[in-house]
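Next come the chains, spelled out residue by residue.
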Amino acid sequence: MKFKSKAHANIALIKYWGKEDEELIIPKNNSLSLTLDALYTETEVEFIDSKDDIFYLDDELQDEKHTLKISKFIDLFRKKSNNHDRVLVKSYNHVPTAAGLASSASGFSALAVALNKLFRLNLDKTELTRYARKGSGSASRSIFGGFVEWEKGYDDYTSHAKKIDDADWDIAMIILVLNDSKKDISSREAMKKTIETSPLYRGFTESSAEDIKNIKEAIKNKDFKKMGEIAEHNAMKMHATMLSSNPPIMYFKPDSIRAIEKIKQLRKDGFEVYYTMDAGPNVKILCRDSQIENIVKKLKKDFDSKQIIISKVGNDANVREI
Ligand code: DP6
């Protein structure tokens, strides 16, 4: 028996930045994301007669450290099913360029839905968001397509993701790839340092609760402007909080600022464009699908076409037998 799954990356409009429980990955605040069609992971799993799990990423055999991370995740499924067989995992990250966008979100989400089949667990999607969460927090949101909220909850059971809206109302995202070198500090490490040292952290979590409430209202009303403005503000609050850590954590590069200035100009020119950034220098543009062609034309004046990834809205993660 062999299964192949597919899960898409997601970009948070309201950010997850900080854990209440590091072991179970329970976050400090709710987050909300858009699932992206263009960026995804495909994962094949099968049982093998071996002492250890074996993990290939993009056809490269992974070392002990990386395999151990995957093995710990598979242990959750072994425990639940009481089947202690070892697994061969082959994952492929589909990212249009070497963008440094290879996401743990699509990776753990794809692995969760594949292992659910392999171990014959029949977990439903909500339950799968809890499993994916324990691989990487943001992976909980990649189980679903469209707009997805990860409810922080207060324990393993209550911390899960749910679909808010299909996002099938003229929405798309453009990713501006601005730097593909490896990041100085991982998001896992950076969020921990932020909680420990930033005097502004409380402000971030408190205002995120407001942002979640307001953005859900905007989504419900299909109010693109309000949604974009809230997302932009939320992202910058996260970065301001990081910047106020000691030592400061900065993911901006000069090109990130250049991109933001360009987006502001595009907005003045009448395009519905809003920016967001995560734990890296790339800038993501929330925009109207119907305006993509003209926006890209304008972006190409300042950026190389290889730096521009266009994405529609992605669907739920899926799996099939192969
Ligand atoms: C800035 O989900 O990668 O992208 O749970 O430690 O694996 P871990 O962190 P991860 O953090 C994502 C942070 C973010 C914001 C977001 O996606 O909500």
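Residues numbered from 1 in each chain as written. Predicted model: local features only at pLDDT ≥ 70, side-chain atom pairs only at ≥ 80, totals over all residues. Heavy atoms only, no water.

**Q** How should helix 3 (residues 125-135) be read in this particular structure?
**A** Since there are 3.6 residues in each turn of an α-helix, residues three or four apart along the chain are aligned in direction. Looking at helix 3, one finds that the buried residues are Leu 128, Thr 129, Arg 130, Tyr 131, Ala 132, Arg 133 and Gly 135. Of the surrounding secondary structure, the elements contacted by the buried residues of helix 3 are strand 3 (26-27), helix 1 (64-81), helix 2 (104-118), strand 8 (147-151), strand 9 (160-165) and helix 4 (187-197). Sitting at the head of helix 3, Asp 124 places a side-chain oxygen 3.2 Å from the backbone nitrogen of Thr 126. (Buried < 20%, exposed > 50% of the residue type's maximum accessible area, 1.4 Å probe, protein only. Helix = DSSP H or I, 4+ residues; strand = E, 2+ residues; numbered from the N terminus. Contact = heavy atoms within 4.5 Å. Polar contact = N/O pair within 3.5 Å; in protein donor to acceptor, adjacent residues only side chain to side chain.)

**Q** It is not clear to me how the site of the ligand should be interpreted in this structure. Could you clarify?
**A** By nearness alone, 17 residues border the ligand, and Tyr 16, Lys 19, Ser 136, Gly 137 and Ser 138 come closest of all. Ser 187 places a side-chain nitrogen or oxygen 3.4 Å from an oxygen atom of the ligand. Contact distances for the ligand include 2.7 Å between an oxygen atom and a side-chain N or O atom of Arg 188. In isolation the ligand exposes 460 Å². Once the protein is present, 91% of that is buried. Looking at the shell around the ligand element by element, the count peaks at 3 residues for helix 4. Taken together, the residues of the shell around the ligand sort by class into 7 nonpolar, 5 polar and 5 charged. Two domains each donate at least three residues to the shell around the ligand, and these are domain 1 (2-168) and domain 2 (172-311). (Near = heavy atom within 4 Å. Areas by Shrake-Rupley, 256 points an atom, 1.4 Å probe, with all protein chains shown as cover. Nonpolar A, V, L, I, M, F, W, Y, C, P; charged D, E, K, R; others polar. Domains from an automatic or database assignment.)

**Q** Hey, could you run me through the nonpolar core in this one?
**A** Most often, soluble globular proteins keep nonpolar side chains buried together rather than apart. Within the largest apolar cluster, 28 residues are counted, with the highest numbers of intra-cluster contacts made by Leu 13, Leu 34, Phe 147, Ile 171, Ile 215, Met 227 and Leu 286. Broken down by secondary-structure element, the contributors of at least two residues to this core are strand 1 (2-14), strand 4 (31-48), strand 10 (172-176), helix 5 (201-220) and helix 6 (224-243). Take this core: its biggest share by element is 5 residues, from strand 4. Both domains that meet at this core, namely domain 1 (2-168) and domain 2 (172-311), each give it at least three residues. When residues no more than four places from it in sequence are discounted, the contact partners of Leu 13 are Leu 32, Ser 33, Phe 147, Met 173, Ile 215, Met 227, Ala 231, Asn 234 and Leu 286. By size, the runner-up hydrophobic cluster in this structure holds 27 residues, among which are Phe 3, Phe 77, Leu 111 and Leu 115. (Core = buried A, V, L, I, M, F, W, Y, C linked by side-chain atoms within 4.5 Å.)

**Q** What is the right way to look at unusual backbone geometry in this model?
**A** Outside of glycine, negative phi angles account for most residues, and trans bonds account for most peptide bonds. For the bond from Asn 246 to Pro 247, the omega torsion is -5°, close enough to zero to count as cis. With respect to the helices and strands, the residue Pro 247 is situated in the loop between helix 6 and helix 7 (254-268). In this model, Arg 120 sits at a positive phi of 50°, which is unusual for a non-glycine residue. Inspection of the secondary structure assignment puts Arg 120 in the loop between helix 2 and helix 3.

**Q** Even after reading the chapter, I still don't get the domain arrangement of the protein, so can you show me in this structure?
**A** By convention, interface size is frequently given as the accessible area that disappears when the constituent parts associate. Here the protein is partitioned into domain 1 (2-168) and domain 2 (172-311). Computed over C-alpha atoms only, the centres of domain 1 and domain 2 are separated by 23 Å. Buried area between domain 1 and domain 2, both sides added, is near 2,900 Å², and the carbon and sulfur share of it is 72%. Contact with domain 2 buries area across many residues of domain 1, yet Leu 13, Lys 15 and Trp 17 alone supply 29% of it, more than any other trio. Where domain 1 touches domain 2, the interface holds 2 salt bridges. Inspection of the domain 1/domain 2 interface yields 10 residue pairs in polar contact (both at pLDDT 80 or more). Put simply, the parts of the chain that give the side of domain 1 that touches domain 2 at least two residues each are strand 1, strand 4, strand 8 and strand 9. The leading source of residues in the side of domain 1 that touches domain 2 is strand 4, at 7 residues. (Buried area = accessible area lost by both parts, 1.4 Å probe. Salt bridge = Lys/Arg side-chain N within 4 Å of Asp/Glu carboxyl O.)

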